[in-house]
Amino acid sequence: MEPVSENIRLLKRAYWLIKLRWIAIVCVGAAIYVSSNFLEIELQDAALYSIAILLALYNLTVLLLLNHFTKRGNEVSHVAVKKIINVQISTDLLILTVLLHFSGGIENPFVFYFIFHMIIASILLSVWDSYLQATFAVLVFGLLVLLEYLQLIPHYCLRGFVPNCLHRNKLYILGTFFVFATAIYLAVYMASYISVRLKRTERAYMQANILLQSKDQIKDEYVLRVTHDIKSHLATIQSCLGMVVNKVVGPLDDKPMEFINRAHVRTIKLTNFVKTLLKLTQMRLNDKLEIDVFPLRDTVRNAVVAVRTKAEDKSITLNCDVEPSVDTISGNQFSIEEVFTNLLLNAIRYTPEKGTVTIGAKNGMDCVVIEIADTGIGIPADELDDVFDEFFRGSNARKFQKDGTGLGLSIAKYIVERHGGKIWIDSIEDTGTKFWITLPKGSRQSQTT
Amino acid sequence: MANAKIMIVDDDPDYIDVVKTILEREQYTVVTAGNKIEGMEKIRAEKPDLAILDVMMNAWQDGFEMSRQLKKDPQFNNMPILMLTAVDNRTGIGFKSTAGDPTWLPVDVFLDKPVEPDVLLSEVKKLLSNKVENGTGI
């Protein structure tokens, strides 16, 4: 999750507030209509509808103001956005009070809708601001009740809902106001309590995320450095030995030459092993894969051409059976070609002389199916589940071919799965092995995953 | 292009000796440097026909930076650059480049260390003959 800056988050919440207000406006309109037309409650329809229209105009103004801020993006300070939210909530409280004034004042049970504003304030604003909003709500509503009680402003009785006007009933107003005020403060206390904890947890997660990203980068650089250091030492050792083995520098007696030869061969093996191991590590660490849409036919052909000499050396028949209609796939062509080449080389390596190795490709439903089959030594049934594990080599494979890193199939599996494909194996010992690969058909544009 | 002058920039003196020996056997004149700064100075002074650069020297992208500087310099932008490295960048899942697009290699040939003497010599020969054909040789 990318950390989002505080001002952008607040802007998004301010928009959420606007959306809520649109819903509220519709509900107010509907409530006025239903109450006066169906429930026969006496209401100041004209005044209430006018307030609803005023509310809509006010919401539109706030929306335009926010759009203006959004265009400035990161330049807007979160303090400015917070101020807008504060003003919005205060205005909402005022408008709700006016609505209540024209619909029965303290007699109207909608008075408890102030609680929603308090919850919203607690989510969006600081604890201090939320309590200020609560105090403002209590004062504004208290003033309305007091002015109506003192008959300094008219009271619009909610006839049809209450049996008689209650705005002069001391016990009722004191009781209701007491419950109202405590409910408001309790709502702020509870919502702020949860909100503060959630914000703290969120901040901790964000900090952990940033820390993880920087650690990841350090790890990547570390692996890259180690990769380079191990490989460059080995490269130099191999090259120095190569100078003697290839007789670039003076001749050497047979016996010392034989040992230098052995050291050279072992260095080449070690270099290859380290290269393969580090490649797997790098692939795991690196999350970027260059993706293109490319024809599978060419990739299969390239792989076949790459291994042909090896097959000929063992008099192995190499068949290539790709359906002419086979589709393009989306992926990294180099990696996919590498998978095919490695699997073909594996097949050739573990197939006795004069055997057959076949690579085929055909269209599946939404994927392309590739099949690589050989008439080789096969894999014992009880070892089939482990063949894709790192460093695993079949017991018969080790006897047949001493060398091998046990990493080739892990890399193949990793690459295929990174492409959203699947790879699995079918094998009978002493008869042959068949690898199946499915790769999603390509329709996407060139992209990086 | 016999007697062509070749510059090797690598922080591994042993590897420099190997490449130098291979090239000198073929009658090339070899100049060497152990880091980017020394390499740039010697290239300016010696004006070689070809440069063989290592990627990771003091900083890991030294070779890339050097090749970029050289390709931007009108005096050297025709000088072929062969890059030798122990870090593989051709897999598409290769190393992360903090120097921008990882596929962007401002070099003429990219070889993975260790390189077989025959392969190195044939690439050197090819690059030098291309240079002569393009009319930019000495």
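Residues numbered from 1 in each chain as written. Chains lettered and ligands numbered in written order. Predicted model: local features only at pLDDT ≥ 70, side-chain atom pairs only at ≥ 80, totals over all residues. Heavy atoms only, no water.

So, on to the overall build of chain A. If you tally the helices and strands in chain A, you get 11 helices and eight strands. In terms of overall dimensions, chain A is more spread out than a globule: its C-alpha atoms have a radius of gyration of 38 Å, far above the 22 Å expected for 449 residues. Dimensions of chain A, computed from the C-alpha atoms along their principal axes, are close to 120 × 50 × 40 Å. Sorting the 449 residues of chain A into buried and exposed places 44% on the buried side. A sequence separation of at least 24 residues applies to 74% of the contacts in chain A between residues at least 6 apart. The average position of the 47 basic charges and that of the 44 acidic charges among the side chains of chain A differ by 6 Å. (Helix = DSSP H or I, 4+ residues; strand = E, 2+ residues; numbered from the N terminus. Rg over C-alpha atoms; globule rule 2.2 N^0.38 Å. Buried < 20%, exposed > 50% of the residue type's maximum accessible area, 1.4 Å probe, protein only. Contact = heavy atoms within 4.5 Å. Lys, Arg positive; Asp, Glu negative; His and termini not counted. Charge placed at Lys NZ, Arg CZ, Asp CG, Glu CD.)

Residues and elements named next belong to chain B. The strand order across the open sheet built from five strands is E2-E1-E3-E4-E5, with neighbouring strands paired in parallel fashion. The strands lining the two open edges of the sheet, one partner per strand, are strand E2 (29-33) and strand E5 (109-112). Strand after strand, the sheet turns through a mean of 20° between neighbouring axes, direction not considered. Across four bridges, strand E3 (residues 50-54) lies against strand E4 (residues 81-85) in parallel orientation. (Pairing = 2+ DSSP bridges. Axes fitted to C-alpha atoms, helices over the stretch in contact; angles between N-to-C directions.)

What follows concerns the sheet that holds strand E5 (residues 367-374) of chain A. Residues and elements named next belong to chain A. Within the open sheet, the five strands sit side by side as E2-E4-E5-E7-E6. Their pairing is mixed. If you trace the sheet from one side to the other, it starts and ends with strand E2 (317-322) and strand E6 (422-428), each paired once. Neighbour to neighbour, the strand axes of the sheet diverge by 10° on average, direction disregarded. Where E6 lies against strand E7 (residues 432-440), seven bridges are found, and the strand directions are antiparallel. Within E7, the position partnered with Ser427 by the bridge is Thr433. Of the strands in this sheet, E2, strand E4 (356-363), E5, E6 and E7 are in contact with helix H9 (residues 333-349), which crosses E7 at around 175°.

Residue and element names in this part refer to chain B. Interaxial distance between helix H2 (residues 36-46) and helix H3 (residues 62-72) falls to 10 Å at its minimum, and their mutual angle equals 25°. One finds that H2 runs roughly parallel with respect to H3. Between H2 and H3 lies a crossing of right-handed hand. Contacts between H2 and H3 pair Lys36, Gly39, Met40 and Ile43 from the former with Asp62, Glu65, Met66, Gln69 and Leu70 from the latter. Taken together, the residues of the contact of H2 with H3 sort by class into four nonpolar, two polar and three charged. (Parallel < 35°, antiparallel > 145°, perpendicular 65-115°, else oblique. Left-handed = near helix turned anticlockwise from the far one by under 90°. Nonpolar A, V, L, I, M, F, W, Y, C, P; charged D, E, K, R; others polar.)

Residues and elements named next belong to chain A. Tallying each qualifying case throughout the model produces one disulfide over all chains. Shown here is the disulfide that connects Cys157 with Cys165, its sulfur atoms set 2.0 Å apart. Left unpaired, Cys320 is separated from the closest cysteine sulfur, that of Cys367, by 19 Å. Classification of Cys320 by relative accessible area gives partly exposed; the value is 39%. (Disulfide = S-S within 2.5 Å.)

This paragraph deals with the environment of Val31(B). Residue and element names in this part refer to chain B. Examined against the element boundaries, Val31 turns out to sit in strand E2. When the C-alpha atoms of Val31 and Lys5 are compared, they prove to be 7.3 Å apart, with 26 residues separating the residues in sequence. The contact partners of Val31, leaving out residues within four places of it in the chain, are Lys5, Ile6, Met7, Ile8, Lys42 and Glu46.

This part takes up the layout of surface pockets. To find the voids left in a structure, one rolls a probe of water-molecule size over its atoms. All names here are of chain A. The calculated volume of the second largest pocket comes to roughly 900 Å³. In terms of lining residues, the second largest pocket is bounded by 30 residues, among which Ala24, Val28, Leu96, Phe110 and Tyr113 are the most central. Of all elements in the fold, only helix H1 (6-37), helix H2 (45-72), helix H3 (78-101) and helix H4 (114-124) reach the threshold of two or more residues within the lining of the second largest pocket. In terms of residue count, the dominant contributor to the lining of the second largest pocket is H1 (10 residues). Within the lining of the second largest pocket, the residues separate by chemical class into 24 nonpolar, four polar and two charged. (1 Å grid on protein atoms, 1.4 Å probe; cavity = no way out; pocket = protein on both sides within 12 Å on 5 of 7 lines; lining within 4 Å. Points joined across faces, edges and corners; volume = space filled by probe spheres on them.)

Residues and elements named next belong to chain B. Buried within H2 we find Lys36, Gly39, Met40 and Ile43. Viewed end-on, H2 has its buried residues packed into an arc of 95°, placing them on one side of the element. Of the residues in H2, the exposed ones pointing more than 90 degrees away from the buried face are Ile37, Glu41 and Ala45. For H2, the elements touching its buried residues are strand E1 (5-9), E2, E3 and H3. Near the N-terminus of H2, the side chain that reaches the backbone nitrogen of Ile37, with its oxygen 3.2 Å away, is that of Asn35. One or two residues past the end of H2 sits Lys47, with phi positive at roughly 45°. (Arc of directions from axis to C-beta. Polar contact = N/O pair within 3.5 Å; in protein donor to acceptor, adjacent residues only side chain to side chain.)

Residue and element names in this part refer to chain A. Within chain A, residue pLDDT values average 86, and 94% of them lie at 70 or more. Per-element averaging of pLDDT across chain A places strand E8 (residues 447-448) at the bottom with 42 and helix H5 (residues 127-149) at the top with 94. Confidence drops under a pLDDT of 50 for residues 444-449, and excluding neighbours within four residues, the segment shows 15 contacts in the predicted structure. (pLDDT = per-residue confidence, 0-100.)

All names here are of chain A. Tallied over the full model, the rule gives 14 aromatic pairs over all chains. Seen in terms of ring centroids, Phe114 and Phe180 are 5.2 Å apart; in terms of plane orientation they differ by 80°. Their pairing is edge-to-face. Residue Phe114 is found in helix H4, and its partner Phe180 is found in helix H6 (residues 170-245); the two are separated by 66 residues along the sequence. On the basis of relative accessibility, which here comes to 0%, the residue Phe114 falls in the buried class. With a centroid separation of 6.4 Å and 20° between ring planes, the pair formed by Phe141 and Phe177 is classed as stacked. (Phe/Tyr/Trp six-rings, centres within 6.5 Å; stacked < 30°, edge-to-face > 60°.)

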